[in-house]
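In case you want the letters, here they are:
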Amino acid sequence: MTDFNFQPGEACAAELDARDPLAHYRQRFYVPRIQGEECIYLCGHSLGLQPKSAKAHIEQELEDWARLGVEGHFHGKNPWMPYHRLLTAHTAELVGAKPVEVVVMNSLTVNLHLMMASFYRPTTQRHKILIERGAFPSDQYAVKSQIGFHNLDPANSLLELTPRDGEFCVRQEDIQEVIDAEGESIALILLGGVNYATGQIFDIAEVTRAGHRKGCIVACDLAHAAGNIPLRLHDWGPDFAVWCSYKYLNGGPGCVGGCFVHERHSHSWSLPRYGGWWGHDEKMRFQMDPEFRPMAGAEGWQLSNPPIMALAPLRASLEIFAEAGMEHLRAKSRMLTGYMEFLLRDKESTDYSIITPRDPEQRGAQLSIRLSKGRPVCDRLIAEGVIADWREPDIYRVAAVPLYDSYKDVYRFVQRFLLALS
Ligand SMILES: Cc1ncc(COP(=O)(O)O)c(C=O)c1O
């Protein structure tokens, strides 16, 4: 359904919903209600909705804990010792990786630090970190503090990619130019898979090729990409990637994050890393050996035994992803976002403009709308049951999520948005 001729009236939304092969997945999620009515929930880029199956998955583990106590590690329905591996195959599939390259652990910023401890090894010649200007603040704090840990100064060691004057997104040719010009002094390139403010997709394959040609480590923050767009991390080849699971992945608030380490580093025993018993060779974990021997692959970066109650709802959500298929979800996502853009652009005015790229290849589900009337519009819409969010100084972010949003949601959102502006 990619060549659909969108029309402005509500009948178009009804027709699109009627033809939507994924429409039934909405029933598998709880949609929040305001004043008895289902919200128009366009905030999956911040916190995804709860899969109805999450509760049963958590209850199963609570039950085994009650029934078995510590023995649940070995004799539960899903023994906790290898529980995190129940998420490995689906996770690998979602990010286009081999199972050995991924692990579900910690949270995003923690994983970013763990990865940088291993992969950011500045030298006198090669000490810079390249990020996008306006990267998510946690990433900025993380890279600046890593630079500081090596007694370097961000004023000299942090490079930022800047959009051209009057533009909001960074052009691929400008990224290329910076890497060509500065590559020999760059130790690490860290870009978002999808920028959190603009919704722009970065070409990870291209950036990785350009960075590796210059000898840089290349990494990505996939917070806004995982579960949003199809990824092929193994083939694209970045050295590492990190993501959270509470946005498009619907794992629940503060859910455990994910980490990818490319297979080429699976046996890099000489890489310095922080050690912890869960990263230690599992065959010898309980021999209480004082020497740390990391496991091969991403699992060798684990520190602690994983939080089973937090993994359980993510497992429920990953099962739904596996069933629906990322390619199908992406096809619907392109249609939903294209439809929203069509309705919004029809009425674009001095009150608002969309800063997300127009090219569907360069964006995921999110549209970022610059609003001259500011936050009160967002707050008013929330009170009226339209859940989206606001990012300072002037960005209203909306994302129609293919697993649980409908074309009717999009239509009703645009009507209420235009009314709120009038
Ligand atoms: C792009 C990006 N990076 C990092 C983070 C921080 O994630 P966490 O709190 O899981 O460390 C977020 C959170 O929203 C984010 O959007």
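Definitions and cut-offs
- Residue indices follow the written sequence of each chain, beginning from 1 at its first position.
- Local features in this predicted model are restricted to residues whose pLDDT is 70 or higher, and side-chain atom pairs enter the listing and the counts only when it is 80 or higher, whereas totals over whole chains, interfaces and linings include all residues.
- Only hydrogens and water are removed before side-chain values are computed, so all heavy atoms of the structure are retained for them.
- For each residue, the test is whether any non-hydrogen atom lies within 4 Å of the molecule or strand; if one does, the residue is near.
- Any pair of N or O atoms that falls within 3.5 Å is considered a polar contact. Within protein, one atom must be able to donate a hydrogen and the other to accept it, and sequence-neighbouring residues count only if both atoms are side-chain atoms.
- Exposure was quantified through the Shrake-Rupley algorithm and a 1.4 Å probe, taking into account, for residues, occlusion by the shown protein chains and nothing else.
- Each residue receives one of three labels: charged for Asp, Glu, Lys and Arg, nonpolar for Ala, Val, Leu, Ile, Met, Phe, Trp, Tyr, Cys and Pro, and polar for the others, Gly being one of them.
- Helix and strand labels come from DSSP, where a helix needs a run of H or I of at least four residues and a strand needs a run of E of at least two; each type is numbered from the N terminus.
- Each residue is assigned to one of three classes by its accessible area relative to the maximum for its type, calculated with a 1.4 Å probe on protein chains only: buried under 20%, partly exposed between the two thresholds, exposed over 50%.
- Two strands pair under a simple rule: DSSP has to find at least two bridges between them.
- Only the stretch in contact is used when a helix axis is fitted, and all axes are lines through C-alpha atoms; the angle between N-to-C directions ranges over 0 to 180 degrees.
- We call two residues contacting when some pair of their heavy atoms lies within 4.5 Å.
- Computed over the protein atoms alone on a 1 Å grid, cavities are sets of points where a 1.4 Å probe fits but cannot get out and pockets are open sets with protein on both sides within 12 Å along at least five of seven lines; a residue lines them when it has an atom within 4 Å of a point.
- Grid points are joined across faces, edges and corners, and a volume is the space filled by probe spheres set on the points.

Asks: What's the story with the site of the ligand in this structure? I'm lost.
Replies: Taken together, the residues surrounding the ligand are S107, L108, T109, F136, D139, D221, A223, H224, Y246 and K247. Between the ligand and D139 there is a distance of 3.2 Å, counted from a nitrogen atom to a side-chain nitrogen or oxygen. Residue Y246 places a side-chain N or O atom 2.7 Å away from an oxygen atom belonging to the ligand. For the ligand, whose unbound accessible area comes to 400 Å², protein coverage reaches 82%. Residue composition of the shell around the ligand, grouped by class: 4 nonpolar, 3 polar and 3 charged.

Asks: Explanation requested: the environment of M326 in the structure shown.
Replies: Note that M326 resides in helix 12 (residues 326–345). Judged by its relative accessible area of 12%, M326 is buried. When the C-alpha positions of M326 and L94 are compared, they lie 7.0 Å apart, and in sequence the two are 232 residues distant.

Asks: Even after reading the chapter, I still don't get the sheet that holds strand 14 (residues 366–371), so can you show me in this structure?
Replies: To summarise the sheet geometry, strands pair through backbone hydrogen bonds and adopt either a parallel or an antiparallel arrangement. Ordered in space as 13-14-17-16, the 4 strands form an open sheet in which the pairing is antiparallel. Single-partner strands in this sheet number two, and they are strand 13 (352–354) and strand 16 (389–391). The sheet shows a mean angle of 30 degrees between the axes of neighbouring strands, direction not considered. Across 3 bridges, strand 13 lies against strand 14 in antiparallel orientation. Directly across from I354, in strand 14, lies its bridge partner I369. Seen against the sheet, helix 13 (residues 375–383) touches strand 14, strand 16 and strand 17 (395–399) and runs at an angle of roughly 165 degrees to strand 16.

Asks: So what exactly am I meant to see when it comes to empty space enclosed by the protein here?
Replies: Taking a probe equal in size to a water molecule and rolling it over the atoms shows the remaining empty space. Counted by the stated rule, this structure contains 3 cavities of 30 Å³ or more. The volume enclosed by the largest cavity comes to roughly 60 Å³. Taken together, T91, L94, V95, V104, A226, G227, W243, S245, L249, G258, L314 and L318 form the lining of the largest cavity. Secondary structure elements with two or more residues in the lining of the largest cavity: helix 4 (88–95) and helix 11 (308–324). With 3 residues, helix 4 is the largest single contributor of residues to the lining of the largest cavity. In terms of residue class, the lining of the largest cavity is made up of 8 nonpolar, 4 polar and no charged.

Asks: Explain the layout of surface pockets to me, please; I cannot follow it from the model alone.
Replies: Here the largest pocket is characterised by a volume of approximately 570 Å³. If you trace the largest pocket, you find 26 residues lining it, with I201, F202, D203, E361 and Q362 closest to the centre. Sort the elements by how many residues they give to the lining of the largest pocket and helix 12 lands first, with 3 residues. Here the lining of the largest pocket is composed, by residue class, of 13 nonpolar, 4 polar and 9 charged. Approximately 370 Å³ is the volume attributed to the second largest pocket. What lines the second largest pocket is a set of 21 residues, among which R133, G134, F168, A197 and T198 lie closest to the centre. When the residues that make up the lining of the second largest pocket are grouped by side-chain class, the tally is 10 nonpolar, 4 polar and 7 charged.

Asks: Help me understand unusual backbone geometry in this model?
Replies: Leaving glycine aside, a negative phi is the common case for residues, and trans is the common case for peptide bonds. Between E392 and the following residue, P393, the backbone shows a cis peptide bond with an omega angle of 5 degrees. Among the structural elements, P393 can be located in the loop between strand 16 and strand 17. Even without glycine at this site, N151 takes up a positive phi of about 55 degrees. By secondary structure assignment, the location of N151 is in the loop between helix 6 (137–149) and helix 7 (154–157). Relative accessible area serves as the criterion here: at 74%, N151 is assigned to the exposed category. For M288, which is not glycine, the phi torsion reads 55 degrees and is therefore positive. Classification of M288 by relative accessible area gives exposed; the value is 57%.

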